[in-house]
Structures are given as structure tokens and as C-alpha cells.
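Structural description and commentary
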Amino acid sequence: MHPSVPPTRVTAAVGAPVAVADPRLFGSFVEHLGRGVYGGIYEPGHPTSTPEGFRGDVLDLVRELGVTVVRYPGGNFVSGYDWRDGIGPREQRPRRLDLAWKSIETNEFGTDEFVAWCRAADVEPMLAVNLGLGDIGSMLKLVEYTNHPGGTALSDERIRNGAEQPHDVRLWCLGNELDGPWQLGHRSAEAYAELAASAASALRMFDDDLELVAVGSSNAQMATFGDWERTVLARTIGLVDYLSCHIYFYDDGDLPAFLDYARVLDGFLDEIAGFIRDARAADPAARDVRISLDEWNVWNYRAYDELKPQRDFEEAPRILEDQYTLADAVVVGTLLQSILAHADVVSIAAMAQLVNVIGAIRAEPDAPAWRQTSFYPFAQVARSAGHTVHAVDAPHDSPVTVSITRSPGGEEVLVHLANRSTQTEAQLELDLASVDCLRIEHAEVLSGDDPHAANTQHDPLAVAPRPLDATLDGSLLRLALPPVSWAGIRLASRPNRG
């Protein structure tokens, strides 16, 4: 804090319940992109690797991060991917060119390995199908291979490949970003709507209980944004369960504006929810479609755009390995707060991606994996899975953002806080009377003198949580937050009665 700047005083109070935070709000994303798979979650021969070749240190961090569901195998990659290339004996799998990320795909890791990795990491698999260059027939064969118990050519092939029990994948994405001209198989909203409706109808004939995600706009800057959603929903609202949306944020040098990006996400989610509301109102046979925010993060994407034309095709290239800062972590925390605040309309969210590629975890071949700064707010907020999210009554123009969740039994209350001011300490007084807190169990803050400080292989704890001095006086929680900071507090509360 600059010595001449007086602290900001903020008062707030816990309000009414908003919704229950679906555990799937704390998802992530693994794509065959850069070192996300090879050298990320999968690295045979690493000192920590499991017999299956999964990096054990990464698995440990994934569990600590609290990820609940992981989307795979893309992303742009999926629109050129033939799932059959990634099954069967590894020595017989073909090497292919991946045009999406200008890479060579060895196919050493595929569907069976991914589902086995999910079981090891204790996360739910979310599979995307190729509706770019792929077709509905190939999609149905993949679903039969993964989910049918046995007794058919494809299910028996899975059994021969080592998976005796069906994978029982419930979440299926009907393609990826097909509104984008960069996407293999890019098409119009009308063409995609018909394809998605046909694909969804076919999947429901296989298993009507599958959960299906239709492709929404790649970002809100697309010329077709809004029209795409209305067109796709008009055709699929009776067939799918979720509409996807993607959004990324980057720091262009204006730190105050960057720290305020959660307001942009708020507006974006409100707009998507409005499209869904309108579509449901127009169709009496509509399903209860909700939002799948299955790609979001802070991403310095310009660095990749400048590099891509210069690269040759190679295996697992080092691309999109962003190094996250303290400021990035605060923004990630506030984006998570926005997702919590929209838990009444958002059921799935996936921070893209998980390891190395714009990931909260980094891994090198000859070093232990480490936590990026963005790891900490995600791990804190992920503890709110299944909790009731409460509204917070606070000044709209406050630099402090506050989220409150309460566990199903009522015995735990989590408070997530950010100070978005770049210069001013915030002194907060939060009234917790409505959630009846008894004591503070744990309080920590992520802060520092340099908002651009980051964790590295050689200094993996340069930015890490430290104890936060907070007090509970009756129902009033009092604390001070440094500029550009993120904090998490866990309180014991009186359990629900009855």
C-alpha cells in the first residue's frame, strides 16, 4: 500500500441463498495441445510415473486442486481427430499430423488411457466428439466402444484392449467451436444446428440419459454471437442439456481494467442465460438447458498467434506455457466468484487448461511439478462444490469482491475475497449473522509487493498463501486485504437443524 493512500473501508453482509454450486463448476480441460498430455499428465519413465505412465506428482496436484470433471480431447484438436487412432496396441497406433496446433500426434495416449487417468485422479470424464471433419456414424461407434457392456464388435474390442467394464461416460460435447473459421469443419449456425440435432437424436436412441452439450459461440466478439445461440437452441432445445460458451481474458497493460474483468464475465453469462430463457419460453417441449462454460481462463494468446506461422510440425511442442502472476491469480479468483454467483444457470465450468498449457499446474521432465499462482484460488473455491451459494450485500463500486458458500449440513462456511485495488488496502467488516458462524478455522491470503510476481521451476513458492489476520467478533468478520490480493477463510458454523 502506498503510504499516502488511506485504506478503503468496506461493509458487507451475507444475503439470501442463490443456488447450490454444482460440483462440476470446478472442472478443467485436457487437450492434445503442446505439453498438456505428453509431458503433462502422461510421461512414462518419469520418476513419479505410475505403471500406466501417468505422472504421479501431477496426479497429486490435480487431487489437491479439487478438479471434479475434465473435458477431453479438445478443443480445436477434436475436429480433426479419429478416436480409433488412439486405441489398441500402442505400437500399432498411427502417427498423424494435427493441423489445429501444427503438431505431430503419436496417439500413444487415447480414450482408454484418458478414462483410466480420470479414475486415478478421481475426476469425471467429459468427452468431446468430432463433428468437424467427423460424422455421426463415427460418434456412435465411439459411444458404443466406451459405454456398451459387451457382446458387440466395438464393446468387445474395448474389453480386449484392457477395459473389461464399460467406461460409462455420461457427459458428451457435440463438437467444438464450429462457429470459428479456424475450426476444421467450420459451418454456419443453421448447418451446425441440424447436425447437432441429428447427433443428439442418435445418442438419445443409444441412451436417453446421456448429458449432451451443444456448441455455443467461441467468444462474444464473434460476428455471429447471439444469432448462433438463437439458431442452435431453436433446433436443439428439446434434445440437449447444456449450451457451451467460451471466454478468455488477457492483461493488455491496463492492470486496473484487467482486475475488473469479472464484471465482463458477469455480463457474458447473463446474456447466454437470456438466450436460453428465450428459447425455452418459445418451445413447450424444451429441456432444462443450462450453461456449460467449458473453456475459461486468463490467456496471453497473442504470444501464440505470433509464433504459430514460424513453427514446424513436431511432437508436443512447447506452446501456450503461460507463466501466471499474482495479478492473474486475483483475476482467476474473481472469475470463480462470478461463476459461483451464476450457479443458478451455470452447471459446468472448465478452467482451460490443466497442465503446462495455460494450466494451473506446470511440469518439467527433470523436476517436480509445481503450482502456478492460479492454482491457489481455484483450490480454495473448489471446496465450495455442493455448497449453497449466498448473495452478498455490498457496495457495487467496492474494490472488494466477496463470495459466501455454506456446506450442505451447514457446519462449514467459506468466504472468498479479492481486493482489486492496485494501491489501497481494504478494511472489511462482513456481517455473517444469517449463517451463524462460531469460529475461524483457517484464513490465508495471496498477496505481495509485485503484482507481476510468478512461481517458477526454480522458485515454485515465490507466490504462495500465507496466514491472514482475521477476527470474528460475534457475527462480524473483520480483516484487512492488501492491494491486488486474494483471500480464503473457512469458518465453523452451527449445523442445520432438522
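This structure is a prediction, so every number in the text was calculated from the model and none was measured.

**Concerning the side chain of Asn130**
Of note, Asn130 is situated in the loop between strand E6 (124–128) and helix H3 (136–147). Judged by relative accessible area, which is 14%, Asn130 ranks as buried. A distance of 2.9 Å separates a polar side-chain atom of Asn130 from the backbone nitrogen of Gly132. In this structure the side chain of Asn130 is engaged in a polar contact, spanning 3.2 Å, whose partner is the backbone nitrogen of Leu133. Excluding anything up to four places from it in sequence, Asn130 contacts Val78, Ser79, Gly80, Tyr81 and Asp135.

**Observations regarding helix H5 (residues 189–206)**
The end-to-end C-alpha separation of H5 is 26 Å, in line with the 26 Å expected for 18 residues at 1.5 Å each. The elements touched by buried residues of H5 are H3, strand E8 (211–214) and helix H6 (227–236).

**Focus: the packing of H5 against H6**
Relative orientation of the contacting elements H5 and H6 amounts to 30 degrees, with a least axis distance of 9 Å. Put simply, H5 runs roughly parallel to H6. Here H5 and H6 pass one another in a crossing that is right-handed. Touching Ala189, Glu190, Tyr192, Ala193, Glu194, Ala196 and Ala197 of H5 are Trp228, Thr231, Val232, Arg235 and Thr236, all from H6.

**A look at the environment of Trp182**
You can see Trp182 is positioned in the loop between strand E7 (171–173) and H5. With a relative accessible area of 41%, Trp182 lands in the partly exposed category. Sequence separation of Trp182 and Asn130 is 52 residues, and the distance between their C-alpha atoms is 15 Å. Once residues within four sequence positions are removed from consideration, Trp182 is found in contact with Asn76, Glu177, Ser218, Asn219 and Met222. Within the local environment of Trp182, its side chain forms a polar contact with the side chain of Glu177, the two groups lying 3.1 Å apart.

**Section: the packing of aromatic side chains**
Counted according to the given criterion, the structure contains 16 aromatic pairs. Consider the rings of Tyr72 and Phe114, whose centres lie 4.2 Å apart with planes at 10 degrees: the pair is stacked. Remark: Phe114 occurs in helix H2 (residues 111–121) and Tyr72 occurs in strand E3 (residues 69–72); sequence separation between them is 42 residues. Residue Phe114 is classed as buried on the basis of its relative accessible area, which comes to 0%. Of the aromatic side chains, those joined through ring pairs into one cluster are Tyr38, Tyr42, Phe54, Tyr72, Phe109, Phe114 and Trp117. Over the ring of Phe29 we find Arg71, and its NZ or CZ is 4.6 Å from the ring centre. Geometry around Phe375 places Arg371 over its ring, the cationic atom sitting 5.7 Å from the centre.

**Description of the pattern of salt bridges**
Inspection of the entire model under this criterion finds 34 salt bridges. The salt bridge partner of Arg371 is Glu64, with a shortest N-O separation of 3.0 Å. In this pair, Arg371 is assigned in strand E14 (residues 367–371) and Glu64 in helix H1 (residues 56–65), connecting sequence segments 307 residues apart. In this structure Glu64 comes out as partly exposed when scored by relative accessible area, which is 40%. Salt bridges sharing partners connect three or more residues here, namely Arg35, Arg318, Glu321, Arg362 and Glu364.

**Notes on a nonpolar patch on the surface**
Judged by side-chain polarity, Leu97, Leu99 and Phe313 come together as a nonpolar surface patch covering roughly 300 Å² of accessible area. The residue Leu99 is located in the loop between strand E4 (96–98) and strand E5 (103–105) in this model. On the basis of relative accessible area, Leu99 is assigned to the exposed category, the value being 54%.

**A closer look at the sheet that holds E5**
The strand order E4-E5-E11 describes an open sheet built from 3 strands, whose pairing is mixed. The open sheet terminates on both sides in strands that have one partner only, identified here as E4 and strand E11 (314–315). Sheet topology note: the E4/E5 ladder contains 3 bridges and is antiparallel. Within the sheet, the bridge partner assigned to Leu97 lies in E5 and is Ile104.

Cut-offs applied
Residues numbered from 1 in each chain as written. Predicted model: local features only at pLDDT ≥ 70, side-chain atom pairs only at ≥ 80, totals over all residues. Heavy atoms only, no water. Helix = DSSP H or I, 4+ residues; strand = E, 2+ residues; numbered from the N terminus. Buried < 20%, exposed > 50% of the residue type's maximum accessible area, 1.4 Å probe, protein only. Polar contact = N/O pair within 3.5 Å; in protein donor to acceptor, adjacent residues only side chain to side chain. Contact = heavy atoms within 4.5 Å. Expected span 1.5 Å × (residues − 1). Axes fitted to C-alpha atoms, helices over the stretch in contact; angles between N-to-C directions. Parallel < 35°, antiparallel > 145°, perpendicular 65-115°, else oblique. Left-handed = near helix turned anticlockwise from the far one by under 90°. Phe/Tyr/Trp six-rings, centres within 6.5 Å; stacked < 30°, edge-to-face > 60°. Lys NZ or Arg CZ within 6 Å of the ring centre and 35° of its normal. Salt bridge = Lys/Arg side-chain N within 4 Å of Asp/Glu carboxyl O. Patch = residues over 30% accessible without salt bridge, like charges linked within 9 Å, V, L, I, M, F, W, Y side chains within 5 Å. Areas by Shrake-Rupley, 256 points an atom, 1.4 Å probe, with all protein chains shown as cover. Pairing = 2+ DSSP bridges.

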